[in-house]
Amino acid sequence: MWDFPWSKDGVPADAEVRKLLADRDFGATPQAAQDLEAGVVDERLVGVLRTLTEEHRVCVEAFKEGHFFEPGVPDGPRIPKGYGEAGGLPNTHYFGRAADVYWVDGKPVEGNATDPEVLDVGSELAQLPARVRPDQIIGPPGWTSALGYGRQKGWILERDQLELHEDHLHLGYMDERGTRNVR
């Protein structure tokens with residue numbers, strides 16, 4: 001069971017990061033690994049990724065560093081205007097509270113949204129306790145439709161956001177502590 005402050009099984013957060021980085025079922029770009037090592041990544045994301053790697057191999061392309069909404073435009077605390085309807089909202093990547101998963105079990109998310117393993121990641125996310133489950137879960141339209149989860153489970157369903165996430169799964173937390181899943 002999850003224990004506060006956002007560590008899994010009572011293990012301190014920095015130990016969870018070391019375990020995640022050592023896990024053969026976890027992959028990360030150099031920038032994503034550096035974010036983990038630097039302590040930039042929200043402890044809740046580390047716990048969620050550790051849970052996912054119990055059943056799947058996942059690869060994160062970006063947490064904070066290296067994340068861009070628009071090529072060549074550095075990330076800031078707000079999503080840039082023009083990035084769909086989300087423009088102006090807080091940028092969870094900027095605060096280390098989001099992860100972009102591009103690969104599941106050796107397959108790219110893009111083109112494999114309804115693959116059983118990719119769908120299973122969504123099912124596992126939905127089964128997490130509401131108080132630790134990301135409240136920003138976004139993926140390809142086919143993935144979201146096949147799973148059928150709604151806002152109460154943390155899924156973002158706006159069509160423009162689904163289309164902007166056709167090639168990856170976005171897992172994020174809007175608030176510094178807690179989630180909107182329990183409100």
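Let me begin by describing the structure that accompanies this report. (Residues numbered from 1 in each chain as written. Predicted model: local features only at pLDDT ≥ 70, side-chain atom pairs only at ≥ 80, totals over all residues. Heavy atoms only, no water.)

1. Regarding the nonpolar core
As a reminder of what qualifies: The criterion is simple. A nonpolar core is a set of buried Ala, Val, Leu, Ile, Met, Phe, Trp, Tyr and Cys residues joined through side-chain atoms within 4.5 Å. Only protein chains enter the accessibility calculation, which uses a 1.4 Å probe; a residue is then buried when its area is under 20% of its type maximum, exposed when over 50%, and partly exposed in between. Only DSSP runs of H or I with at least four residues qualify as helices, and only runs of E with at least two residues qualify as strands; both kinds are numbered from the N terminus onward. In this analysis, two residues are considered to be in contact whenever any of their non-hydrogen atoms come within 4.5 Å of each other.
Ranked by size, the top nonpolar core spans 33 residues in total, and within it Leu49, Phe63, Leu125 and Trp143 carry the most contacts. Breaking this core down by element, the ones donating at least two residues are α1 (13-22), α2 (30-37), α3 (43-52), β4 (58-62), β5 (98-104), α4 (116-127), α5 (141-147) and β8 (169-172). Residues in contact with Phe63, not counting those within four places in the same chain, are Phe26, Ala32, Asp35, Leu36, Val41, Leu45, Leu49, His93, Ala98 and Ala99.

2. A word on the pattern of salt bridges
Quick note on the threshold: Salt bridge, as used here: a side-chain nitrogen of Lys or Arg that lies within 4 Å of a carboxyl oxygen of Asp or Glu.
For the structure shown, the criterion picks out five salt bridges. Its salt-bridge partner being Asp42, residue Arg44 comes within 2.7 Å of it at the nearest N-O pair. A residue is classified by how much of its surface remains accessible, and Arg44, at 0% relative accessible area, is buried. Owing to a relative accessible area of 10%, Asp42 belongs among the buried residues under this scheme. Each of Lys107, Asp115 and Glu117 takes part in a single network of salt bridges with overlapping partners.

3. Quick notes on the pairing of β5
In the case of a regular strand, side chains alternate between the two sheet surfaces. Here is the rule we go by: Following DSSP output, two strands are said to pair if at least two bridges run between them.
Most of β5 sits out of view: six of its seven residues are buried. Here four bridges tie β5 to β8, and the two strands are oriented antiparallel to one another. Bridge pairing links Ala98 to Gly172 in β8. Sheet topology places β5 next to strand β6 (residues 107-108); two bridges connect them, and they run antiparallel. From the neighbouring strand, Trp103 faces β6, where its bridge partner is Pro108. With antiparallel pairing between neighbouring strands as the criterion, β5 and β6 make up a hairpin whose turn holds two residues, including Asp105 at a positive phi of roughly 50 degrees.

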